[in-house]
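Chain residues, written in single-letter form:
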Amino acid sequence: QFVMNYPRLSNDEVWKKIEAFLPGRERFVLTTVYNNEPTATTVDMVLDKEERCLYVLCEKGTEKLIHIKQNPRVCAVHYTGWTVAEAQQNKDAKQEWKSVQIRGNAQVIPPNHPQFEGLVAKYKPVRVTPQRAALRFDVVRITPTSAIYFDTNLAAEKYGIYQQWERKN
């Protein structure tokens, strides 16, 4: 309702907002589905602005990798914003919220894949070397098919606070 009934940004403008909101490695909640049961977990993702996809390193053999191999459809959300707890500590805290909810397809890329090393370099692990990453992790590439960008500051710009992005290619 919100997306369709309020002024909209262009698809490219929404993507630029998403890029600005995800400047580096960001914490997401990733949801997978296995045997019709959803599971949510936290992961750090990196946005590849040129490819318009996200990368995450996952410990080999984890539940989310098993799920993705069975069902590659995923949903992920990253959010920031004001909380009641924050307001109790800081009465001047600005009441603003931002989030991006991404729907897409995930692909597990194991260490023997030709792209693995380059994708680990894009992810820039901080606690393990790239050589150690190849022993412990698989890379998951998430290709978004759509996203909902939410930003309460858009109201001041006379746009709807919910904006939709769709992959065109």
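Just so we're clear, the structure is a prediction, and the values are computed from it rather than from any experiment.

Caption draft 1: Broad picture of the nonpolar core. Ranked by internal contacts, the top residues of the largest apolar core, which has 28 residues, are Ile18, Phe28, Met45 and Val140. With residues up to four places along the chain from it excluded, the contact list for Phe28 reads Leu22, Thr41, Thr42, Val43, Met45, Leu54, Ala76, Val77, His78, Val100 and Ile102. Of all hydrophobic cores here, the second largest spans 13 residues; its members include Val46, Tyr55, Val128 and Ala133.

Caption draft 2: Fine view of the side chain of Lys64. Within the element layout of this structure, Lys64 appears in helix α3 (residues 63-70). Of the buried charged residues, Lys64 lacks a salt bridge, with Glu63 as the closest side chain of opposite charge at 7.5 Å. With sequence-adjacent residues up to four places away left out, Lys64 is seen in contact with Leu30, Thr32, Thr41, Val43 and Cys58.

Caption draft 3: Region of the structure containing the pattern of salt bridges. Tallying each qualifying case throughout the model produces 7 salt bridges. Here Arg27 makes a salt bridge to Asp44, at a shortest N to O gap of 2.6 Å. Note that Arg27 is positioned in strand β1 (residues 25-34) and Asp44 in strand β2 (residues 37-48), a separation of 17 residues in sequence. Lys98 is the partner of Asp151 in a salt bridge, and the nearest nitrogen-oxygen pair spans 4.0 Å. Here the residue Asp151 occupies a position in strand β6 (residues 137-151), and Lys98 occupies one in strand β5 (residues 97-109), the gap between them amounting to 53 residues. Overall, the relative accessible area of 4% leaves Asp151 in the buried class.

Caption draft 4: View of the pairing of strand β4 (residues 73-81). With 3 bridges connecting them, β1 and β4 associate as antiparallel partners. By the bridge assignment, Leu30 is partnered in β4 with Ala76. One ladder, built from 9 bridges, connects β4 with β5; its direction is antiparallel. Opposite Gly81, over in β5, you have Trp97 as the bridge partner.

Caption draft 5: Summary view of the environment of Trp82. Inspection of the secondary structure puts Trp82 in the loop between β4 and α4 (84-89). Classification of Trp82 as buried rests on a relative accessible area of 18%. For the pair formed by Trp82 and Gln95, sequence separation is 13 residues and the distance between their alpha carbons is 5.2 Å. Not counting the four nearest positions on each side in its chain, Trp82 is found in contact with Ala87, Ala93, Lys94, Gln95, Glu96 and Trp97.

Caption draft 6: Spotlight on unusual backbone geometry. Its identity is not glycine, yet Arg52 carries a phi of approximately 55 degrees, on the positive side. Within the chain, Lys124 stands out as a residue other than glycine whose phi angle is a positive 60 degrees. Take Lys124: it is sitting in the loop between α5 (116-123) and α6 (130-136). Residue Lys124 is classed as exposed on the basis of its relative accessible area, which comes to 59%.

Procedures and definitions
- Residues numbered from 1 in each chain as written.
- Predicted model: local features only at pLDDT ≥ 70, side-chain atom pairs only at ≥ 80, totals over all residues.
- Heavy atoms only, no water.
- Core = buried A, V, L, I, M, F, W, Y, C linked by side-chain atoms within 4.5 Å.
- Buried < 20%, exposed > 50% of the residue type's maximum accessible area, 1.4 Å probe, protein only.
- Contact = heavy atoms within 4.5 Å.
- Helix = DSSP H or I, 4+ residues; strand = E, 2+ residues; numbered from the N terminus.
- Lys, Arg positive; Asp, Glu negative; His and termini not counted.
- Salt bridge = Lys/Arg side-chain N within 4 Å of Asp/Glu carboxyl O.
- Pairing = 2+ DSSP bridges.

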